Amino acid sequence: MTWIEIPANSPFGPENLPLGIFRVGDEEPRVGAAIGDQVIDLALVASAQMLDGAQVFAEPTLNAFLARGPRTWHATRGWLLQLVWNSNERDAVEPHLIPQSAVTMLMPFEVADYVDFYASERHATNLGRLFRPDSAPLLPNWKHLPVGYHGRAGTVVASGTDIVRPSGQRKAPADDAPTYGPSQRLDIEVELGFVVGSPSKLGKPVSVDDFRDHVYGVVVVNDWSARDLQAWEYVPLGPFLGKSFATSISPWVVSLEALEAAAVPLGKQEPPVLPYLAGDRLTNYDITFEVYLNGQLVSSPPYKEMYWSPAQMLAHLSVNGASVRTGDLFASGTVSGVRKDQRGSFIELSWGGREPLTVNGEERTFLQDGDEVTITAHATAADGTLIGLGSVTGRILPAI
Ligand SMILES: O=C(O)/C=C/C(=O)CC(=O)CC(=O)O
Ligand SMILES: [Ca+2]
Ligand SMILES: [Mg+2]
């Protein structure tokens, strides 16, 4: 039994212990761990206990902690478990518990590089049908490598940041010429983001087996996308301004160690992948997202059906010798399940805008100014324990 009172069905039970950066009033931002509806002020607890490396918890980002690598991550998890499970720690910890309602959550880490994959077969099939109705939905490379592109790290923003509707060039196939103006097909993409802690060496690929030596944990990602800008600009070099204006992430980073309880085997890959992508310990995670538009649930995408494992994504992005750095973020790509109410973007939910949804009595295809999107996620452990990832939210402001 933990000595801390935790509301029933809390996403942040005593096995989860995700880390984030919080601020109270005008005090310095620092590292906290979520437990129930409270935050443990780790900077104060660690310094009072003279913990080795305590100063990383007084930093305004998780980067210093992340850079310390898997042995420190593991030891820290052991320490956190001890703090919440051992009632002897109560006197040391209780004075440093702060209600989550009294803190502001900030960006959890400074994003170094940002890569976005395309690892859901269902999403890739849906987008293929919508964008390329006259050809096979999956392009010939799709089952041979996790397709991805390099995104824009500097516009990855904290949950709660308002999103200004992007403007740019738009040209529908029937238009004679492009026009400039606000996106009329502003969309979301529901994704899982993987946070790199320890760097790799330039010139040395990271093997699928070394995934856990480099990746610390996960966040929920909303990769906002302007479909009209994207459709016109992205041939042949890939997404550019249609995706680079903003990507929102959730504040709490759930460790892979906590998530391990919800690991499930990866589905069969046919045709077989090349040896550098093969492994016998490849996993997925049993995570379910929930997408709310203006408070109404519109979709529940399942992560466990993703075609590519995150270990394969990392192996592929580094197989040419490209190195990863502390703070790198790579995202899974949009998560879509088979059912209509499991689609992870509005272009799929409204089938290209042709089949509007009804949300709070109003018809919706793409996002309107003032709309607020919140994506929550939770993993389910084999024994039924809930491991919450928290949520990411953002509201659309009119174009400038
Ligand atoms: O297939 C296409 O033409 C377009 C695909 C996407 O927009 C998907 C993307 O950016 C990656 C993802 O989130 O899955
Ligand atoms: Ca994306
Ligand atoms: Mg983006």
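Bear in mind that the values here come from a model prediction, so they are computed numbers and not experimental data.

**Some details on the pattern of salt bridges**
Taken as a whole, this structure holds 16 salt bridges when the rule is applied. The closest approach of N and O atoms between Arg-30 and Glu-27, which form a salt bridge, is 3.0 Å. Among the residues examined, Arg-30 registers a relative accessible area of 12% and is labelled buried. Across the pair Glu-189 and Arg-227 runs a salt bridge whose closest N-O atoms are separated by 2.9 Å. One end of the pair, Glu-189, is in the loop between strand S12 (186–187) and strand S13 (190–196); the other, Arg-227, is in helix H7 (residues 227–233), and 38 residues separate them in sequence.

**Here we look at the site of ligand 1**
Near ligand 1, the surroundings consist of 16 residues, among which Tyr-118, Gln-230, Tyr-234, Lys-243 and Thr-334 are the closest. Residue His-123 places a side-chain N or O atom 3.4 Å away from an oxygen atom belonging to ligand 1. Contact with the protein chains hides 95% of the accessible area of ligand 1, taken as 380 Å² for the molecule alone. Among the elements of the structure, strand S6 (114–117), helix H5 (121–131) and H7 are those that each provide at least two residues to the shell around ligand 1. Of all the elements, H5 adds the most residues to the shell around ligand 1, at three residues.

**As for the coordination of the magnesium ion (ligand 3)**
Looking at the magnesium ion (ligand 3), the protein donor atoms are Asp-223 (OD), Lys-243 (O) and Thr-247 (OG1), and they sit 2.0 to 2.4 Å from it. The sequence pattern describing where the donors of the magnesium ion (ligand 3) fall on their chain is D-x19-K-x3-T. Of the two residues, Lys-243 and Thr-247, both sit in the buried class.

**Observations regarding the UniProt feature "domain: Fumarylacetoacetase N-terminal" (unreviewed entry) in the protein chain**
According to UniProt, the feature "domain: Fumarylacetoacetase N-terminal" (unreviewed entry) maps to residues 15–108 in the numbering used here. Along residues 15–108 the backbone is 34% helical and 21% strand, and the end-to-end C-alpha distance reaches 20 Å.

**Remarks on the side chain of His-123**
With respect to the secondary-structure elements, His-123 resides in helix H5. Excluding its chain neighbours within four sequence positions, the residues that come into contact with His-123 are Tyr-118, Glu-189, Thr-334, Ser-336, Ser-345 and Glu-348.

**Focus: helix H10 (residues 310–318)**
Burial analysis of H10 places nine of its nine residues in the buried class, which makes it a mostly covered element. Taken residue by residue, H10 has Pro-310, Ala-311, Gln-312, Met-313, Leu-314, Ala-315, His-316, Leu-317 and Ser-318 as its buried positions. The inward-facing, buried residues of H10 contact S6, S13, helix H6 (211–214), strand S14 (215–222), strand S19 (283–285) and strand S22 (329–331).

**Description of the side chain of Asp-187**
Relative to the elements of secondary structure, Asp-187 occurs in strand S12. For Asp-187, a relative accessible area of 0% corresponds to the buried category. Polar contacts involving the side chain of Asp-187 include one to the side chain of Arg-227, which spans 2.9 Å. Of note is the side chain of Asp-187, whose polar atom sits 2.6 Å from the backbone nitrogen of Phe-346. When near neighbours in sequence (up to four residues on either side) are disregarded, Asp-187 contacts Trp-224, Ser-225, Arg-227, Ser-345, Phe-346, Ile-347, Phe-366 and Leu-367.

**Quick notes on unusual backbone geometry**
In this chain, Val-235 is followed by Pro-236 through a cis amide linkage whose omega measures 0 degrees. Within the secondary structure, Pro-236 is located in the loop between H7 and helix H8 (241–244). Geometrically, the link from Glu-270 to Pro-271 is a cis peptide bond, its omega value of 5 degrees lying close to zero. Within the secondary structure, Pro-271 sits in the loop between strand S18 (263–265) and S19. Of note in this structure, Trp-351 is not a glycine but carries a positive phi near 45 degrees.

**Notes on the UniProt feature "domain: Fumarylacetoacetase-like C-terminal" (unreviewed entry) in the protein chain**
The feature "domain: Fumarylacetoacetase-like C-terminal" (unreviewed entry), as annotated in UniProt, sits at residues 115–395 in this numbering. Across residues 115–395 one finds 15% helix and 31% strand; the C-alpha atoms that close the span lie 24 Å apart.

Thresholds, definitions, all that
- Positions within a chain are numbered from 1, following the residues in the order the chain's sequence is written.
- Naming scheme: in the order in which they are written, chains are lettered from A and ligands are numbered from 1.
- Owing to the predicted nature of the model, reporting of local features is limited to residues with pLDDT of at least 70; listing and counting of side-chain atom pairs is limited to 80 or more, with chain, interface and lining totals taken over all residues.
- Only hydrogens and water are set aside; all other atoms, that is, all heavy atoms of the structure, feed into the side-chain values.
- Salt bridges are defined by distance alone: a side-chain nitrogen of Lys or Arg within 4 Å of a carboxyl oxygen of Asp or Glu.
- Throughout this description, buried means an accessible area under 20% of the type-specific maximum (1.4 Å probe, protein chains only), exposed means over 50%, and partly exposed covers the range between.
- Where helices and strands are cited, they refer to DSSP runs of H or I of at least four residues and of E of at least two residues respectively, numbered from the N terminus.
- In these notes, residues near a molecule or strand are those with any non-hydrogen atom within 4 Å of it.
- A 3.5 Å cut-off defines polar contacts: any pair of N or O atoms within that distance qualifies, except that in protein one atom must be a possible hydrogen donor and the other a possible acceptor, and neighbouring residues in sequence count only when both atoms are side-chain atoms.
- Here the Shrake-Rupley method, with its probe set to 1.4 Å, supplies the accessible areas, and only the displayed protein chains count as covering residues.
- Sites may look incomplete, because water is not among the atoms used; the donor set itself consists of N, O and S atoms within 2.8 Å of the metal (3.2 Å for Na, K and Ca).
- UniProt positions are given in the numbering used here, feature names are shortened, and annotations may be inferred rather than shown by experiment.
- When checking whether two residues touch, look at their non-hydrogen atoms; a contact exists if any pair is within 4.5 Å.

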